[in-house]
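Chain by chain, the residues run as shown.
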Amino acid sequence: MSSTLVGVGVGPGDPELVTVKGVNALRAADVVVVPVMDTGERGRAEATVAHYVPAERIVRVVFALNERTDRARREAAWDAAGGRVAELLRRHGSVAFATIGDPNVYSTFTYLAQTIAGLVPGVVVETVPGITAMQDLAARSGAVLTEGTEPLTLVPVTAGSAVLKEALAGPGTVVAYKFGRQAAEVAEALRETGRLGDAVWGSALGLPEESVRPAAELDGAPLPYLSTLIAPPRRDGGRGGKL
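Residue numbers here run from 1 along each chain, matching the order of that chain's written sequence. Where local features are concerned, this predicted model is filtered to residues with pLDDT of at least 70; where side-chain atom pairs are given and counted, the filter is 80 or more; whole-chain, interface and lining totals use all residues. Hydrogens and water are ignored here; the side-chain numbers use all heavy atoms of the structure.

In the nomenclature of an unreviewed UniProt entry, the protein chain is known as Precorrin-2 C(20)-methyltransferase of Streptomyces sp. 900105245. UniProt positions are given in the numbering used here, feature names are shortened, and annotations may be inferred rather than shown by experiment. If you open the UniProt record of the protein chain and go to Pathway (unreviewed entry), you find "Cofactor biosynthesis; adenosylcobalamin biosynthesis." We quote the UniProt Sequence similarities (unreviewed entry) comment for the protein chain here in full: "Belongs to the precorrin methyltransferase family."

Let us now look at the overall build of the protein chain. Secondary structure elements are defined from DSSP: runs of H or I of at least 4 residues count as helices, runs of E of at least 2 residues count as strands, and each element is numbered from the N terminus. When you go through the protein chain residue by residue, the secondary structure sums to 7 helices and 10 strands. The globule rule used here is 2.2 Å times the number of residues to the 0.38 power, and the radius of gyration it is set against is calculated over C-alpha atoms. What you see for the protein chain is a C-alpha radius of gyration of 19 Å, in line with the 18 Å of a compact globule of 243 residues. Taking the principal axes of its C-alpha atoms as reference, the protein chain extends roughly 60 × 40 × 35 Å. Any residue under 20% of the maximum accessible area for its type is buried, any over 50% is exposed, and the rest in between are partly exposed; the area is computed with a 1.4 Å probe on protein chains only. Expressed as a percentage of its 243 residues, the buried residues of the protein chain come to 46%. Contacts are assigned to residue pairs that have any heavy atoms within 4.5 Å of one another. Taking the intrachain contacts of the protein chain between residues at least 6 apart in sequence as the baseline, contacts between residues at least 24 apart amount to 72%. Carbon and sulfur atoms make up 51% of the accessible area of the protein chain, which amounts to about 11800 Å² in all. With residues, only the protein chains shown are counted as cover, and all accessible areas are computed by Shrake-Rupley using a 1.4 Å probe.

So, about helix α7 (residues 183-192). For α7, the complete set of buried residues consists of Ala183, Val186, Ala187, Ala189 and Leu190. Looking down the long axis of α7, one finds its buried residues gathered within 160° of arc, a one-sided arrangement. Buried residues belonging to α7 abut α6 (161-168) and β10 (228-231). Gly194 lies just past α7 and shows a positive phi near 70°. An arc is given here, and it is the one of the directions from the helix axis to the C-beta atoms.

Between two packed helices, both the angle of their axes relative to each other and the distance between the axes serve to describe the pair. Geometry is summarised by axes, namely lines fitted to C-alpha atoms with helices restricted to the contacting stretch, and by angles between N-to-C directions that run from 0 to 180 degrees. With their axes 9 Å apart at the nearest point, helix α3 (residues 71-91) and helix α4 (residues 108-119) run at an angle of 60° to one another. By the criterion of interaxial angle, the relationship of α3 to α4 is oblique. Judged by the twist between their axes, the crossing of α3 over α4 is right-handed. For the pair α3 and α4, the contacting residues are Trp78, Ala81, Gly82, Gly83, Val85, Ala86, Leu89 and Arg90 in the first and Tyr111, Leu112, Thr115, Ile116 and Leu119 in the second. By the convention adopted, Pro, Cys, Tyr, Trp, Phe, Met, Ile, Leu, Val and Ala count as nonpolar, Lys, Arg, Asp and Glu as charged, and the other residues, Gly among them, as polar. Each residue belonging to the contact of α3 with α4 can be placed in one class, and the counts come to 9 nonpolar, 3 polar and 1 charged. Under this scheme an angle from 65 to 115 degrees is roughly perpendicular, one under 35 degrees roughly parallel, and one over 145 degrees roughly antiparallel; angles in between are oblique. Left-handed describes a crossing whose near helix is turned anticlockwise from the far helix by less than a right angle; the clockwise case is right-handed.

Relative to each other, α6 and α7 sit at 25°, their axes nearing to 10 Å. One element, α6, and the other, α7, form an angle in the roughly parallel class. Where α6 crosses over α7, the two elements pack in a sense that is right-handed. Contacts between α6 and α7 pair Ser161, Leu164, Lys165 and Leu168 from the former with Glu185, Val186, Ala189, Leu190 and Glu192 from the latter. A per-class count over the contact of α6 with α7 returns 5 nonpolar, 1 polar and 3 charged.

Okay, here's the thing in structure tokens:
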């Protein structure tokens, strides 16, 4: 009988934002894997899962979540993590992998699934969508992500500030992920493109240390790594002006 690996999106941090289907998938799995850094600190995914799954069914697996420069070290960590999850799949019929946000949006689950496919023949891979940080920030700040025919562009600032500037120079709303360490460059890009006034940023959404503030208050100081930015376009046409 084939084993099943399910990537479950558990949202940006607020336990109340896990979908009913997500909770059911977590509880139905024999074990739930949560990614942790090699420092061993408890991550958002683990903290969220703990609200729904007993501790004895949660398995912590180390991933190189913050390794961007040493490719050999990163891939060795992925291989080790994949081997650990493959071992769990051989012992259990179903394994869930909890990931913040959505498993198909900039998620570690993508790399894990690719690794597992080569290690466990016949494994069935499924995903359960999760609420993303941009949706949560839009709800908490009142920012409207899209209207009418506007496009929506999502940019990880880890790709470089030039990618963000190019997106901001175009139409529609721009969402920037992981911009905390480059907050000064992001603020400058917003000023250069005339997007500063209506932009908002947030971090630790749904958690006690949550911060949701206008981007105009960015002072160049570094922010939490997982900060999210929403920069809407100018909307001068009144209600329905973008239809």
